[in-house]
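Listed below are the residues making up each chain.
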Amino acid sequence: MTSMSPALDQALTGPTPTIFGAVEIVLPNHTIRLLTGSGIIVFDGKTFTGSDATYGVLHSVEDLTDGTGDEAPGISLTLVPAGDAAAADLARPEHQGAAVSIWLGAVEPSNGLVIGEPLLIFLGALDVPKLTAGPNSRLLELEITSAFEDFFFSDDGARLSDTFHRYVWPGERGMSFVTGVDEQIYWGGDNPSGVKR
């Protein structure tokens, strides 16, 4: 049993499936919907094409990796931007955190219709763009992080104190009257140098 729709599962187990990858990046002022390769594919009321007039084409999609230890799952997309303005626009700080979705699907070659429901393989957020320019090329690599990335943020300023306690829980005064604490305990960070636990 797979997490794919039965029609997609059957299509992918066939002798020569015609597969596609689809990427959607939802920017505040524009939604980019690109395919791996050329053509036009429609599913879920969304139209995906091989080229975006403003932002260019999809160059490559890095292998999806699972996060281990202190790493969250992530993926990297590379675009060939339509021009300098498109590359600069995608790298704007307000685009960081834009929703990114990646699907895997199959089409019927005779009519170009999507078979079953494409499988959403990654849902994340635009993180860091990296522009690589050469004499005859320009590539924009986009790092995409998953929602699990937020679990790794730490409050380095968090500490066992009345002030911080009220910052996190406004109006709660449970630590206001704590007395007799001989040892200062630091939360969310290392002890200052020279302080032993």
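Just above, that's the structure.
**Observations concerning the overall build of the protein**
Here is step 1 of the chain: Along the backbone of the protein there are three helices and ten strands.
Here is step 2 of the chain: Along the protein, helices (α) and strands (β) appear in the sequence α-β-β-β-β-β-β-β-α-β-β-β-α when read from the amino end.
Here is step 3 of the chain: Taking all 197 residues of the protein together, 30% fall into the buried category.
Here is step 4 of the chain: Of the contacts formed within the protein by residues at least 6 apart in sequence, a portion of 52% connects residues at least 24 apart.
Here is step 5 of the chain: Within the structure as shown, the protein displays about 12500 Å² of accessible surface, and the carbon and sulfur contribution to it stands at 54%.

**Concerning the pattern of salt bridges**
A side chain with one charge may pair with a side chain of the opposite charge, provided their charged atoms come close.
Here is step 1 of the chain: In total, this model carries five salt bridges according to the counting rule given.
Here is step 2 of the chain: Here Arg33 ties to Glu24 by a salt bridge, and the two come within 2.7 Å at their closest N and O atoms.
Here is step 3 of the chain: What makes Arg33 partly exposed here is its relative accessible area of 25%.
Here is step 4 of the chain: Judged by relative accessible area, which is 6%, Glu24 ranks as buried.

**Structural notes on the packing of aromatic side chains**
Here is step 1 of the chain: On inspection of all chains with the given rule, the structure shows four aromatic pairs.
Here is step 2 of the chain: Ring plane angle 40° and centroid distance 6.1 Å describe the contact between Phe20 and Phe43, whose orientation is recorded as tilted. With a gap of 23 residues between them, Phe20 in strand 1 (residues 18-26) and Phe43 in strand 3 (residues 40-43) connect regions that are remote in the sequence. In this pair, the class of Phe20 matches that of Phe43, namely buried.

**Quick notes on the environment of Gly112**
Here is step 1 of the chain: Tracing the backbone shows Gly112 in the loop between strand 8 (99-107) and strand 9 (119-133).
Here is step 2 of the chain: Taking relative accessible area as the criterion, Gly112 reaches 32% and is therefore assigned partly exposed.

**Considerations on the pairing of strand 3**
Here is step 1 of the chain: Going residue by residue along strand 3, you find Ile41 and Phe43 tucked away on one face and Ile40 and Val42 left uncovered on the opposite face.
Here is step 2 of the chain: In this sheet, strand 4 (residues 46-49) lies alongside strand 3 in antiparallel orientation, the contact comprising four bridges. Paired with Ile41 across the bridge in strand 4 is Phe48.
Here is step 3 of the chain: Between strand 3 and the antiparallel strand that follows it, strand 4, lie two residues; Asp44 among them carries a positive phi value of about 55°.

**Looking at the nonpolar core**
Here is step 1 of the chain: Core analysis: the largest hydrophobic core is formed by 20 residues, its most contacted members being Ile25, Leu27, Leu77, Val100 and Ile144.
Here is step 2 of the chain: Counting only elements with at least two residues in this core, the list comes to strand 1, strand 2 (31-35), strand 7 (74-80), helix 2 (84-90), strand 8, strand 9 and strand 10 (138-146).
Here is step 3 of the chain: In this view, Val100 contacts Val23, Glu24, Ile25, Leu77, Phe122, Leu123, Gly124, Ala125, Leu126 and Ile144; residues no more than four positions away in its chain are not counted.
Here is step 4 of the chain: Counting eight residues, the second-largest nonpolar core is a separate cluster that includes Phe20, Leu35, Phe48 and Val107.

The rules behind these values
- Residues numbered from 1 in each chain as written.
- Predicted model: local features only at pLDDT ≥ 70, side-chain atom pairs only at ≥ 80, totals over all residues.
- Heavy atoms only, no water.
- Helix = DSSP H or I, 4+ residues; strand = E, 2+ residues; numbered from the N terminus.
- Buried < 20%, exposed > 50% of the residue type's maximum accessible area, 1.4 Å probe, protein only.
- Contact = heavy atoms within 4.5 Å.
- Areas by Shrake-Rupley, 256 points an atom, 1.4 Å probe, with all protein chains shown as cover.
- Salt bridge = Lys/Arg side-chain N within 4 Å of Asp/Glu carboxyl O.
- Phe/Tyr/Trp six-rings, centres within 6.5 Å; stacked < 30°, edge-to-face > 60°.
- Pairing = 2+ DSSP bridges.
- Core = buried A, V, L, I, M, F, W, Y, C linked by side-chain atoms within 4.5 Å.

None of the figures reported here should be taken as evidence of function without further support.
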